[in-house]
Every structure is written in C-alpha cells, then in structure tokens.
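Residue-level structure breakdown
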Amino acid sequence: YIDEFDFAISTMSLEHIQIPNVQVTLTLSDQELEYINKMYFKSFKTHLNSNVSSMIACLNEENIFLHKKYETVQECIEEACNRLVDQGCIDEQFYDSVMKREHMAPTNIVEGVALPHGLDRHVLKNRITIITLDTPLMWGEKKVEVVILLAINFSNKATTKKLLSELYFCISDNQIVRKLKECNQYRDVISVLFPASFFEENGVSIHSKEVEEMCVVARDGNHGCAPIPEEAKWVKAKEISDISGFT
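Let me sum up the structure you'll find in this document. Please read all numbers here as calculations on a predicted model, not as lab measurements.

A positive phi angle, close to 55°, is found at His-67, a residue other than glycine. Summarising the element assignment, His-67 is placed in strand S3 (residues 64-68). Given the relative accessible area of 29%, His-67 is considered partly exposed.

One way to say it: the disulfide is the covalent bond shared by the sulfur atoms of two cysteines. Scanning the entire structure with this criterion turns up zero disulfides. Left unpaired, Cys-89 is separated from the closest cysteine sulfur, that of Cys-58, by 9.6 Å.

Here the focus is the nonpolar core. In terms of nonpolar packing, the biggest core is built from 29 residues, with Leu-59, Ile-128, Ile-130, Ile-148, Val-189 and Leu-193 touching the most fellow members. When contributions to this core are tallied by element, the ones reaching two or more residues are helix H2 (48-56), S3, strand S5 (127-139), strand S6 (142-151), helix H5 (157-172), helix H6 (174-182) and helix H7 (186-193). Apart from the residues within four sequence positions on either side, Leu-59 is in contact with Arg-127, Ile-128, Ile-130, Tyr-186, Ile-190, Leu-193 and Phe-194. Residues Cys-76, Ala-80, Val-98 and Val-123 belong to the second largest nonpolar core, which totals 23 residues.

Our focus in this paragraph is the pairing of S5. Successive residues of a regular strand alternate their side chains across the two faces of the sheet. The pairing of S3 with S5 spans three bridges and is parallel. Its bridge partner being in S5, Lys-68 is matched across the sheet by Leu-133. Note: S5 against S6, nine bridges, orientation antiparallel. Its bridge partner lying in S6, Thr-132 is registered against Val-146. In sequence, S5 turns back onto S6 through a hairpin of two residues, with Gly-140 there showing a positive phi of about 75°.

With that settled, the discussion passes to the packing of H6 against H7. Interaxial distance between H6 and H7 falls to 9 Å at its minimum, and their mutual angle equals 175°. Judged by the angle between their axes, H6 and H7 are roughly antiparallel. Residues Ile-176, Lys-179 and Leu-180 of H6 lie in contact with H7, whose contacting residues are Val-189, Val-192 and Leu-193. Taken together, the residues of the contact of H6 with H7 break down into five nonpolar, no polar and one charged.

Take the sheet that holds strand S4 (residues 112-114) next. Spatially, the four strands line up as an open sheet ordered S3-S5-S6-S4, and their pairing is mixed. Looking at strand neighbours, the two that pair on one side only are S3 and S4, the edges of this open sheet. Each neighbouring strand pair of the sheet contributes to a mean axis angle of 20°, computed without reference to strand direction. Across three bridges, the pairing between S4 and S6 is parallel. Bridge pairing in S6 places Gly-112 opposite Val-144. Seen against the sheet, H6 touches S3, S4, S5 and S6 and runs at an angle of roughly 85° to S6.

Rules of the game
- Residues numbered from 1 in each chain as written.
- Predicted model: local features only at pLDDT ≥ 70, side-chain atom pairs only at ≥ 80, totals over all residues.
- Heavy atoms only, no water.
- Helix = DSSP H or I, 4+ residues; strand = E, 2+ residues; numbered from the N terminus.
- Buried < 20%, exposed > 50% of the residue type's maximum accessible area, 1.4 Å probe, protein only.
- Disulfide = S-S within 2.5 Å.
- Core = buried A, V, L, I, M, F, W, Y, C linked by side-chain atoms within 4.5 Å.
- Contact = heavy atoms within 4.5 Å.
- Pairing = 2+ DSSP bridges.
- Axes fitted to C-alpha atoms, helices over the stretch in contact; angles between N-to-C directions.
- Parallel < 35°, antiparallel > 145°, perpendicular 65-115°, else oblique.
- Nonpolar A, V, L, I, M, F, W, Y, C, P; charged D, E, K, R; others polar.

Rendered as structure tokens:
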C-alpha cells in the first residue's frame, strides 16, 4: 500500500519499501528538514522534463511582475489578483479567499518564497503569477523576495499533482530562486524555470507578447532583397560590391 505514494518520512526504519524515504527523530530538527528537502528534490529531479508542460501552460507574460516594490502583502496580492480578474481567470471573490488563507497561516513555506493561493471554486482558468521584489516583504515572520500566486483548479488531481511537483522542484532549488530575482523579462523567467532540452524536444517556442502579436507581411516565394536608393536609381544589392561608395 505504501508503495503507491511518492515519498515517505517516518520515525521508523523503512528499508523494506521501494519508494524514496527519510527516517527522522521525533523532534524534527532544522538539519533534518534540510535533509528531507534535499532528498525529495534529488529523488524527483529526473522527472522535471515530463512535468514542465503542466506548469508552462499556466504561465503568461502578463502575469509576470519583475522588480516590484510593495508596502504590504495585501497590496502585492491585490495587484496580481486584479490582473487575473481582468483576464477572466478568477472571479472577484478569489482575492478574499487568498487573504483568509494568509490569515490562517503565512504561505512562505520555502526560504524567501511565498506561495499564496485561494479556493479553487473561484478559479475560472488555471494561472500562475510570478512576482519578484526589489525590496523584500515581511510575510508573516520572514522576509520574501519571490511571490508565486497560484490560481489553480484542483479538480483534475493528476494534472494538479504534476504541476505542483514541478513548482516545488523549482522553488526548492536555491539557484533557481536566485536567478529568478535577477530576471528582467518574461523570456528570462522561462529560461530559468525550464531546461533548454524541453523546448528542443517538444518544439515549444517562447516569444514576447509583441512578437506573438505580429502579423505576416509576406510569406513564401522569393521576394528578393530590399532595394537601396543610389544616385536616382534603385539597386537590389546582393553583394557589398553592388553598393557604390560614392553618391
């Protein structure tokens, strides 16, 4: 029965089971927590490429906020939620459900990273918002520099499990978190979160919003090179020698 799970943490020896496991003491120490984190990440790192498709489908350039400054946690979450409402991804009650969850217990479960989330009944379309902060915010009792707001409908358990697994892998890697804080544009964020091999193997291209909205001017056929005006005539230069140095 236990082999149906992904990972086990126990105060007893579990040498007989097949899944990755960690034995801990009754009084869980910080060192043991760090060891659990490393073992979990190491055990599932090989599955990164198979999971990224779930996460990348929830990312959008308009929901990436980089190098932001906020006075309060509420201000940070509110701006992200307002954008999601405008996009039709959540209803207006989602923000309240996120704040109620924060009041129950802060969601900064990883050092320097917060994962606020609300009730999935208010989610109309899955979306992940990523926010990096120039000035850290006090999130509960700890400072946070990266905020990842989850607007996820958990009805599809298989998809949700893949998505959350990939997300956990990313935020558990200190190097990834550090690189996220250095990103200046959407493409940088995607490059940090996903291995280059994923895009090559799956034929996925990530472009800026401006590029994606460009229209085709000409397609197919041999349109030749653009003519260059030279001494009252149009020259279709194909080599540098076609261009006169005198005018």
